[in-house]
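Secondary and tertiary structure notes
Residue strings, one per chain:
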Amino acid sequence: MTQTITVIRGDGIGPEIMDATLHVLDTMQLGLKYEYADAGLAAMEKHGELLPAATLESIRRNAIALKSPLTTPVGEGFSSINVALRRHFDLYANVRPAKSFPNTKSRFPSGVDIVTVRENTEGAYIGEGQSITEDGETATLMQKVTRKGSERIVRYAFDLARRTGRKKITVVHKANILKTTSGLFLKVAREVAAQYPEIECNEMIVDNTCMQLVIRPEQFDVIVTTNLFGDIISDLCAGLVGGLGLAPGANIGVDAAIFEAVHGTAPDIAGKGLANPCALVLGAAQMLDHLGKPDQAQRLRDAVIATLEAKDALTPDLGGEGDTMSFARAIASRL
Ligand code: NAI
């Protein structure tokens, strides 16, 4: 059966890693059909708007999108289109696996296998109540955490653990200081955890979590946490296993899901053909899992691992001299 997916080529290195990823997917002959849609600066240039209605309609219709990174200006300018997409489709679960890979110059070439499940629709990132006084001296932001939002993300993490045979959940919080927001999240997490007695659950304050991750990452299995902490922790986890070029992420809701790389548009290397395509390729593997094709997802991951092991096409971030497309062709040749 043909499955149509919305494809967003994105900004910066986005088009390069998307072409590479689609080359790999095409080699697998999975019957995927691509419906191209624009978002971000590319959409602004073509259509005069950052998130055209046609893009939203395409994702709604197909329920699945593969997306390259989009630019968000720092400290000023327009708000994140990624956040807008997550809110529009209520993509409440951000799932970011970080697993040790061979030949990645990482601090932990083995022993790390962590999935961060990050709440994606609440907390500091939503920008509610964001304001700054006219004199520029005082800025405010509201952080909203709800029982409903907390319960569904913690439940998602436990269900994921159950489904994938994972044994332990760490609830990461800062309820000692943020007593209302993080406190509510933790309270609800404890209630949900009690309903999954077969899965071990522990609690950890976010600052200690960062230290523990750097010192002894093998103690973690699944981490569940709120939006801001999850964003930071998942990048930390990516750093443990070889960098952002290897870290995929899924944004999952009830009616739609968007699969991507954790990294951004990498303006420093955009247009040079030097970007590592693995993160988006591994995001495509998450997409295949979601589409009920776990064997194909594993086939793709195995091809990535075999290519890293062979070291014959690595991009400069992994210490190689290869380029984006030759890396993709090397992965495709091992499928
Ligand atoms: P970044 O992730 O784009 O780059 C950080 C560093 O990692 C750079 O040195 C870059 O060259 C390197 N890097 C990233 N991806 C790589 C890859 N595939 N291969 C090799 N090296 C890679 O983060 P930065 O510079 O903070 O953000 C740039 C832009 O990306 C900003 O506008 C930001 O808002 C946006 N961004 C978008 C995201 C998304 O669309 N999901 C996520 C994160 C950032």
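The text that follows walks through the structure, step by step, so that each part is easy to find. (Residues numbered from 1 in each chain as written. Predicted model: local features only at pLDDT ≥ 70, side-chain atom pairs only at ≥ 80, totals over all residues. Heavy atoms only, no water.)

**Some words on helix α6 (residues 181–193)**
Rules: For helices the rule is a DSSP run of H or I covering at least 4 residues; for strands it is a run of E covering at least 2, with both sets numbered from the N terminus onward. A helix's residues, less one, multiplied by 1.5 Å, set its expected span. Each residue is placed in one exposure class: buried if its accessible area under a 1.4 Å probe, protein chains only, is under 20% of its type's maximum, exposed if it is over 50%, and partly exposed if it falls in between. By the convention used here, residues are in contact when the closest approach between their heavy atoms is within 4.5 Å.
Between its first and last C-alpha, α6 extends 18 Å over 13 residues, near the 18 Å set by a 1.5 Å rise per residue. Three or more residues of α6 are buried, namely Thr181, Ser182, Gly183, Phe185, Leu186, Val188, Ala189, Val192 and Ala193. Buried residues along α6 sit in contact with α5 (147–164), β8 (168–173), β9 (200–205), β10 (222–225) and α8 (227–240).

**Things to note about the site of the ligand**
What counts here: We call a residue near a molecule or strand as soon as one heavy atom of that residue lies within 4 Å of the molecule or strand. Any N or O atom pair separated by 3.5 Å or less is treated as a polar contact, with the protein-specific requirement of one donor-capable and one acceptor-capable atom, and with residues adjacent in sequence counted only for side-chain atom pairs. Areas reported as accessible are Shrake-Rupley estimates using a 1.4 Å probe. Residue values count occlusion only from the protein chains shown. Only Asp, Glu, Lys and Arg are considered charged in this grouping, and only Ala, Val, Leu, Ile, Met, Phe, Trp, Tyr, Cys and Pro are considered nonpolar; every other residue, Gly among them, is considered polar.
The immediate surroundings of the ligand are formed by 20 residues, with Leu70, Asn82, Gly264, Ala266 and Asp268 found nearest. A distance of 2.7 Å separates an oxygen atom of the ligand from a polar backbone atom of Ala266. Residue Asp268 places a side-chain N or O atom 2.8 Å away from an oxygen atom belonging to the ligand. With the chains in place, 69% of the 810 Å² that the ligand exposes on its own is no longer accessible. Considered class by class, the residues forming the shell around the ligand number nine nonpolar, seven polar and four charged.

**Some details on the pairing of strand β4 (residues 93–99)**
Selection criterion: For two strands to pair, DSSP has to find at least two bridges joining them.
In terms of residue burial, β4 counts as a mostly covered element, since five of its seven residues are buried. Across seven bridges, β4 lies against strand β5 (residues 113–119) in antiparallel orientation. Bridging across to β5, Lys99 finds its partner in Asp113. Pairing analysis gives three bridges linking β4 to strand β11 (residues 248–252), with the strands arranged antiparallel.

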